[in-house]
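What the coordinates show
Read off the chains here:
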Amino acid sequence: MLRGKKFLSYLLVTASVLSLTACGGQATDSADAEIKQSETPASGGSEAATDTADGEATASNIGFEPYEEELNIHIGRLASQHTVSTLLPGDTLEDNPYTRYVKEKLNITFTDEIEAGDDDYRNAIALAAASGDVPELFTVTSYDTLVDLVESDLIEDLTDAFDKYASDYIKHNVYDSFDGRCLDMATFGGKLMALPGTNADNGVPTLVWFRKDWLDKLGLNPDEDGDLCVTVEDVERIAKEFVEKDPSGQGTIGIAMSEGPGDAEWIVNAYGGTVGKWLDNGDGTITWSTLSDANKKAWETMNRWFEEGLLDPQFGTRTYGDVTSLLIENKCGIAFGAWHMPDWRFSHVKDANPEAEYAAYAILDVNGKITAAHENPTNHFIVVRKGYEHPEAAVKIQNVIFDELANATMETAPEVMQFVMNGGDNFTKPVQIECLPSNTKEVYYTEHQAVLKGEITPDQTSTAENKNSSSIMMEYLKDPENVTEETRTGWSFYNSRITGLGAAIGAVEKNNNMNWISPLYPPTLDEMEQKKGALDTVEAKAYIKIITGEEPIDYFETYKDEWMSYGGSDIIAEMEEYYANK
C-alpha cells in the first residue's frame, strides 16, 4: 500500500505557511551537469523538417514544430538562491536565455505559478496537489512525490505524446542508453506518467586516491602492471607503508573512514557486493544488499586492519567532514570517492599543502572485475496536469532543450552558450532536470584527453563547460610545478578530468571488466517509512561493534536476524508486492 495522500497531507501542514513564490535553499545544480553526449548528432534539432509520401511531417520532426499562436504555460519550477543569483541583469526565471530560446523555437512562453527552493518547492507542490490545482507543467523533485501524484490521479498520461513527439535522440541516444531504467521508473500500469531526467552514474565507480607525492617519497608503486587498477591487498600494502614510514611526520593514519556503513562501499565492491541497496533477485524476491556475505567479508577485513593499526584508531567516531579534515591537515594520504573529488575535496588539500599530488585507481574485486552499483537513474521528472490541452508541449520543450540546444554551438545559440560560459545555472531552464546519455563521462574524458594531446583545441569541445574547464586545465599545465591561486582550479580540473576519469574510465577501457549491479530505487512505502530508521540504527551499531572488535564477526548473523525481525521482513514483503503490481 502506498502512502498516497497521507504524504501530501503531511507536507500540507508545513506548506500552508509558505508563499508560493518563495525563492530559497541551496544550489541544486553543478558544473558536472553540463556534461553531454557530443559524438552523435541530434536527430531532430539538426535536421530540417521533411515530409512523408503522404505529405505529413515525420514523427522525428513534429516534435520541433512551433505553435502558430503563442502558447503560455503556467509552470512550477525549482528556484534556489544560487539559480536566481546567476541570472543576467534584468532577467527573471520567466525571461532568460533559456526561456527566450524556447520562445524562439517553439513559440512557448512561461508564467511561473510556483517558484521556490528545495524543500519549500516540494511543500508548495504538496499544497497545490492537496487542493487539486497543480500547475499545467511542473518539475517533480522526488520519486515519492511522483508516486503520490500518480496515485492521486493529478497528472497526465504522456505515453502517446512521448511516442509521437519525442525526438530520436531523446528516445534512443538518451533513454535507450539506460536500458529502460529511467522510463521504467516513470511508468505505472504500463503508462508513462512523467518525462524522467537522467543520472549518468556520475559518482561511480568508487576510486582509491593515494597521495602521489608520498608514494614517490617512499618509492612505492601500487600499480606495477599499469592497468590503472589495484586490489584490496594493494590498498592494505600502501596503508601499511604509510603508517610505518610516516610520510606526514605526524603519525600518519593509514585508512580513515566515516562512521556510516556506506563509506565502506569501496571495499564491499571489492568483495563483489554493494552497500545500502535494494536488489531484485530476478524471481520476484528482494534483498537488502548490506546483509550480504560481501559486507560480512569487508567488515571482517576492516576489523583486522583496526587491530593491526592500519585503520584509523578513532574509527566509529569520525564524520565525513572529520575525515576530510585529516586529509587537509596532512595526516592521511588515502581517500575513497568519485572521479570529481579534486574539484571540491582535494582542492582544499592542495590549498593547505601545495606539495600535495594525487594518483587514482579503480579497485578490482575478487574476480578481477570492477564492481559498481548503478546510481538512481533519475530523481527529477517533468509532469503535466491531468486534462491539460497540450501535453505534447512538455515533450517539445524536452526536445528543444536537451536535444537541439544540447548540441548547439556559439553560432547557433550564442546567448545561451555565453550565459553558460559565464556561470549561468542550468536550472534557469523552464524545467529542472538533466537528460544526458549514460556515457556522458566517457565523452567528457575523451574530449579532455583530446585537448591534452593537441588533437583539438578547447574551443572545439562540445560544451561551454568543457571549453572552460579544458582551457583552465591547459593554463595550469604551462607550469604544473608552481601552482598559484590563479592556476589551482586548473590543477583541480586536470586531476578530475584526466587523473580521476583516467581511473574511472581509462581502467574500464583498458580491461573491459565492469561488473554492474542494478539496484531498485523504490518510493518510500508505509512499512519503510515506519521502520527503516530503526533498522539503519541496528545496522550502524553492528558495523561499528564488529569493526572495532566489540563483537566478533559471527555477530554479523545476529545483526541479520535482528534486521529482519525488527521490520526488515515487513518492508521487503511490502516492496515485493509493490513491484509485482507496478
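The sections below set out a description of the structure shown in this document. None of these values were measured; they are calculated from a predicted model.

1. Some remarks on unusual backbone geometry
Residue valine 204 is joined to proline 205 through a cis peptide bond whose omega torsion reads 0 degrees. Relative to the elements of secondary structure, proline 205 occurs in the loop between β6 (195-196) and β7 (207-211). One non-glycine residue, aspartate 118, adopts positive backbone phi at about 50 degrees. Taking the relative accessible area as the measure of exposure, aspartate 118 reaches 24% and is therefore partly exposed. Here the phi dihedral of asparagine 330 falls at roughly 70 degrees; this positive angle occurs in a residue that is not glycine. Of note, asparagine 330 is situated in the loop between α14 (320-328) and β11 (334-337).

2. So, the side chain of threonine 139
Residue position: threonine 139 is located in strand β3 (residues 137-140). Accessibility expressed as a relative area gives 0% for threonine 139, which makes it buried. Reaching out from threonine 139, the side chain makes a polar contact with the backbone nitrogen of glutamine 432 at a distance of 3.1 Å. Sequence-distant contacts of threonine 139, that is, excluding residues within four places in its chain, are made with Gly76, Tyr121, His380, Phe381, Val431, Gln432 and Ile433.

3. Brief notes about the packing of aromatic side chains
Scanning all chains against the criterion turns up 22 aromatic pairs. With 5.8 Å between their ring centres and 55 degrees between their planes, phenylalanine 162 and tyrosine 175 make a pair best called tilted. Of this pair, phenylalanine 162 sits in helix α7 (residues 159-165) while tyrosine 175 is found in the loop between α8 (168-174) and α9 (181-185), placing the two residues 13 residues apart along the sequence. On the accessibility criterion, phenylalanine 162 (7% relative accessible area) is buried. Aromatic side chains tryptophan 214 and phenylalanine 242 sit 5.4 Å apart centroid to centroid with 85 degrees between the ring planes, which places their arrangement in the edge-to-face category. Of this pair, tryptophan 214 sits in helix α10 (residues 212-218) while phenylalanine 242 is found in helix α11 (residues 232-245), placing the two residues 28 residues apart along the sequence. Residue classification places phenylalanine 242 among the buried positions, given a relative accessible area of 0%. Following the ring pairs from residue to residue traces out a cluster consisting of Trp299, Phe315, Tyr543, Phe556 and Tyr559.

4. Brief notes about helix α18 (residues 440-452)
The end-to-end C-alpha separation of α18 is 18 Å, in line with the 18 Å expected for 13 residues at 1.5 Å each. Burial analysis of α18 places ten of its 13 residues in the buried class, the great majority of the element. All buried positions along α18 are accounted for by Thr440, Lys441, Val443, Tyr444, Tyr445, Glu447, His448, Gln449, Ala450 and Val451. Where α18 is buried, its residues touch α19 (464-476) and α20 (488-511). Looking one or two places after α18, you find glycine 454, whose phi comes out positive at around 80 degrees.

5. Brief notes about the packing of helix α13 (residues 293-308) against helix α22 (residues 555-581)
Running from N to C, α13 and α22 point in directions that differ by 140 degrees, and their axes come no closer than 11 Å. One element, α13, and the other, α22, form an angle in the oblique class. Between α13 and α22 lies a crossing of right-handed hand. Each of Asn295, Lys296 and Trp299 in α13 lies in contact with α22, whose residues at this interface are Phe556, Glu557 and Tyr559.

6. Things to note about the sheet that holds β6
Within the open sheet, the five strands sit side by side as β2-β1-β3-β14-β6. Their pairing is mixed. Unpaired on one side and paired on the other, β2 (108-116) and β6 mark the two borders of the sheet.

7. With respect to the pattern of salt bridges
Throughout the structure, instances matching the rule amount to 27 salt bridges. Between aspartate 234 and arginine 237 there is a salt bridge; the shortest N-O distance is 3.5 Å. Highlighted residues: aspartate 234 and arginine 237, both in helix α11, separated by three residues, approximately one helical turn. The exposure class of aspartate 234 is buried, given its relative accessible area of 18%. Across the salt bridge formed by glutamate 329 and lysine 331, the nearest N and O atoms sit 3.4 Å from each other. Take glutamate 329: its relative accessible area is 41%, and that puts it in the partly exposed class. Among the charged side chains, a network of salt bridges with common partners joins Asp91, Asp95, Arg100 and Glu415.

8. With respect to the nonpolar core
The biggest cluster of nonpolar side chains holds 130 residues, and the ones touching the most others in it are Ile73, Ile108, Leu146, Trp278, Met302 and Ile397. Ranked by the residues each element gives to this core, the list is headed by α22, at eight residues. Sequence-distant contacts of methionine 302, defined by excluding residues within four places in its chain, comprise Met257, Ala264, Ile267, Leu311, Phe315, Tyr543 and Ile547. One finds Cys229, Cys332, Trp339 and Phe346 within the second-largest nonpolar core, a separate group that totals 29 residues.

9. Some details on the pairing of strand β1 (residues 71-78)
The element β1 is largely enclosed, with a buried count of six among its eight residues. Looking at chain direction, β1 and β2 are connected through eight bridges and run parallel. Residue pairing across strands places histidine 74 opposite threonine 111, the latter belonging to β2. Of the strand pairs in this sheet, β1 and β3 are connected by two bridges, and their pairing is parallel. The residue of β3 that forms the bridge with glycine 76 is phenylalanine 138.

10. Let's talk about α20
The terminal C-alpha atoms of α20 lie 32 Å apart, and with 24 residues this matches the ideal 34 Å at 1.5 Å per residue to within 8%. Most of α20 sits out of view: 18 of its 24 residues are buried. A positive phi of about 50 degrees marks asparagine 512, the residue just after α20.

11. Overview of the sheet that holds β7
The strand order across the open sheet built from four strands is β8-β12-β7-β11, with neighbouring strands paired in mixed fashion. Two strands lie at the open edges of the sheet, namely β8 (229-230) and β11, each paired on one side alone. With four bridges connecting them, β7 and β11 associate as antiparallel partners. By the bridge assignment for β11, leucine 207 is matched with glycine 337. Here α20 sits on the sheet and contacts β7, β8 and β12 (358-363); the angle it forms with β12, its principal contact strand, is near 25 degrees.

Basis of the calculations
- Residues numbered from 1 in each chain as written.
- Predicted model: local features only at pLDDT ≥ 70, side-chain atom pairs only at ≥ 80, totals over all residues.
- Heavy atoms only, no water.
- Helix = DSSP H or I, 4+ residues; strand = E, 2+ residues; numbered from the N terminus.
- Buried < 20%, exposed > 50% of the residue type's maximum accessible area, 1.4 Å probe, protein only.
- Polar contact = N/O pair within 3.5 Å; in protein donor to acceptor, adjacent residues only side chain to side chain.
- Contact = heavy atoms within 4.5 Å.
- Phe/Tyr/Trp six-rings, centres within 6.5 Å; stacked < 30°, edge-to-face > 60°.
- Expected span 1.5 Å × (residues − 1).
- Axes fitted to C-alpha atoms, helices over the stretch in contact; angles between N-to-C directions.
- Parallel < 35°, antiparallel > 145°, perpendicular 65-115°, else oblique.
- Left-handed = near helix turned anticlockwise from the far one by under 90°.
- Pairing = 2+ DSSP bridges.
- Salt bridge = Lys/Arg side-chain N within 4 Å of Asp/Glu carboxyl O.
- Core = buried A, V, L, I, M, F, W, Y, C linked by side-chain atoms within 4.5 Å.

Scope: geometric values only; no functional claims are made or implied.
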